[in-house]
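# Survey of secondary and tertiary structure
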Amino acid sequence: MALEHAILVSLLEKPGSGYELARRFERSIGYFWTATHQQIYRVLKRMESDGLLAVREVPQQGRPDKKEYSVAGLGRAALSQWLHEPIESESVRHDLAVKIRGAAFDDPSALIHEVERHRQVHSDRLAHYLAGELRDFTGPEASAPPDAGQELQHVVLRGGIAYERMTIAWLDDVLATVHQLGASRPRT
C-alpha cells in the first residue's frame, strides 16, 4: 500500500488539514501505516498537483489560513482502482523470531530482556487500542448507531486488538519456554 491510499482513506473519512491528518495518523491509522509529518505534507502537495485532492483555504483568526484537503473525483477513482487490485503476498519478516531460533546456538536466557521489552510494547499498544475502542465504539461517548465507515474502522481496530493479544500470548509462551530451558540446563 502506498501512503497515498492511506491518505485518501483518511480524508474520505473526514477532510482536514495536513496537521489534522498527521494527528489522525498518530492516533489511529498510523498503527497500520506510519508516516512522518514531512512525508504526509510532501505527499499531500504531490496529490494536490496530480488532481487527487481538492483544497480550500480556511480563514483562521490570528493565524495564517489553513488548507483543508478533501478527496477529488480523481482521488476517489484512484482509491477505487486500488481497492479492486489483489494484494501481493505479505512478507513475514520478524527479526525477533529469528533471534529466538538463533538462541538455540547461544544462551537462550540472553533473550529474556528483549522479549520482555517487546511484550511491554505490545501490552502498551493493546491498552491504547482498547482505550480507543471504548472512546470511539463501545463506551458511553460513542456515537450510535454507527455508520458503515465506523463499522469498518471498528473491525480494523478489532483486528489490531486480536493481533496484539495473540502477540502477547506468543511472547508469554516464548518467555515460559526460555525460563524452562534455563531451569533444565546443566549448571557448570
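The structure displayed is predicted, hence computed values, not measured ones. Throughout this document, residue positions are counted from 1 along each chain, in the order its sequence is written. In keeping with the predicted nature of the model, local features appear solely for residues at pLDDT of at least 70, side-chain atom pairs appear and are counted solely at 80 or more, and the whole-chain, interface and lining totals rest on all residues. Neither water nor hydrogens contribute to the side-chain values; these are computed over all heavy atoms in the structure.

To continue, consider the overall build of the chain. Helix and strand counts for the chain stand at seven helices and two strands. A helix here means a DSSP run of H or I that spans at least four residues, while a strand means a run of E at least two residues long, and both kinds are numbered starting from the N terminus. The N-to-C order of helical and strand elements in the chain reads α-α-α-β-β-α-α-α-α. Here the globule rule is a power law, 2.2 Å times the number of residues to the power 0.38, and the radius of gyration is based on C-alpha atoms. Over its C-alpha atoms the chain spans a radius of gyration of 22 Å, topping by over 25% the 16 Å that the globule rule assigns to 188 residues. Dimensions of the chain, computed from the C-alpha atoms along their principal axes, are close to 75 × 40 × 40 Å. Only protein chains enter the accessibility calculation, which uses a 1.4 Å probe; a residue whose area is less than 20% of its type maximum is buried, one above 50% is exposed, and one in between is partly exposed. Evaluated residue by residue, the chain yields a buried proportion of 29% over its 188 residues. Every residue pair with non-hydrogen atoms within 4.5 Å of one another is taken to be in contact. In the chain, once contacts between residues fewer than 6 apart in sequence are set aside, the share between residues at least 24 apart is 58%. Only the protein chains shown count as cover for residues, and all accessible areas are computed by the Shrake-Rupley method using a 1.4 Å probe. Working note: accessible area of the chain is about 12900 Å², and carbon and sulfur atoms make up 56% of it.

Moving on, we get to the nonpolar core. Definition of nonpolar core: a set of buried residues of the types Ala, Val, Leu, Ile, Met, Phe, Trp, Tyr and Cys, connected through side-chain atoms within 4.5 Å. Core analysis: the largest hydrophobic core is formed by 17 residues, its most contacted members being I7, L11, L44 and L53. Those elements giving two or more residues to this core turn out to be α1 (3-13), α2 (18-27), α3 (37-49) and β2 (66-71). Here the element with the most residues in this core is α1; it accounts for five residues. Excluding its chain neighbours within four sequence positions, the residues that come into contact with L11 are G16, L21, R24, L44, L53, Y69 and V71. In terms of nonpolar packing, the next biggest core, distinct from the first, is built from nine residues, A103, L171, L175 and V178 among them.

This part covers the environment of R63. Here R63 shows up in the loop between β1 (53-58) and β2. When the C-alpha positions of R63 and V156 are compared, they lie 36 Å apart, and in sequence the two are 93 residues distant. Under this definition, polar contacts are N or O atom pairs within 3.5 Å; protein pairs additionally need one hydrogen-donor-capable and one acceptor-capable atom, and for neighbouring residues in sequence, both atoms have to be side-chain atoms. In terms of polar contacts, R63 uses its side chain to reach the side chain of Q60, at 3.1 Å.

With that settled, consider the packing of α1 against α2. Taken N-terminus to C-terminus, the directions of α1 and α2 make an angle of 100°; their axes are 11 Å apart at the nearest point. Relative to α2, the element α1 lies roughly perpendicular. Contact residues: L3, A6, I7, S10 and L11 in α1; L21, R24 and F25 in α2. Only C-alpha atoms enter the line fits that serve as axes; for helices the fit covers just the stretch in contact. Angles between N-to-C directions range over 0 to 180 degrees. Note that the term roughly parallel is reserved for angles under 35 degrees, roughly antiparallel for angles over 145, roughly perpendicular for angles of 65 to 115, and oblique for everything else.

With respect to the helices, strands and loops of the structure, E164 is situated in helix α7 (residues 148-184). When neighbours within four sequence positions are excluded, E164 is seen to be in contact with H122, R125, L126 and Y129.

Before going further, it helps to examine a nonpolar patch on the surface. Without a salt bridge and with relative accessible area above 30%, a residue can belong to a patch; like charges are then joined within 9 Å and nonpolar side chains (Val, Leu, Ile, Met, Phe, Trp, Tyr) within 5 Å. Salt bridges are defined as contacts in which a side-chain nitrogen from Lys or Arg sits within 4 Å of a carboxyl oxygen from Asp or Glu. Taken together, the side chains of L152, V155 and V156 present a nonpolar region at the surface, about 260 Å² in accessible area. Tracing the backbone shows L152 in helix α7. Since its relative accessible area comes to 56%, L152 is described here as exposed.

Attention shifts here to the environment of E26. Position of E26 among the secondary structure elements: in helix α2. Accessibility expressed as a relative area gives 42% for E26, which makes it partly exposed.

Turning next to the pattern of salt bridges. Scanning all chains against the criterion turns up eight salt bridges. When the shortest N-O distance is used, the salt bridge between E20 and K66 registers 2.9 Å. Of this pair, E20 sits in helix α2 while K66 is found in strand β2, placing the two residues 46 residues apart along the sequence. Its relative accessible area of 30% is what places E20 among the partly exposed residues. On the accessibility criterion, K66 (22% relative accessible area) is partly exposed. Across the pair E164 and R125 runs a salt bridge whose closest N-O atoms are separated by 3.5 Å.

This part takes up α1. Across the eleven residues of α1, eight count as buried, placing the element largely inside the fold. Looking only at α1, the buried set comprises L3, E4, H5, A6, I7, L8, S10 and L11. Tucked inside the fold, the buried residues of α1 contact α2, α3, β1, β2 and α4 (73-83).

Read these as layout, nothing more, since geometry by itself doesn't imply function.
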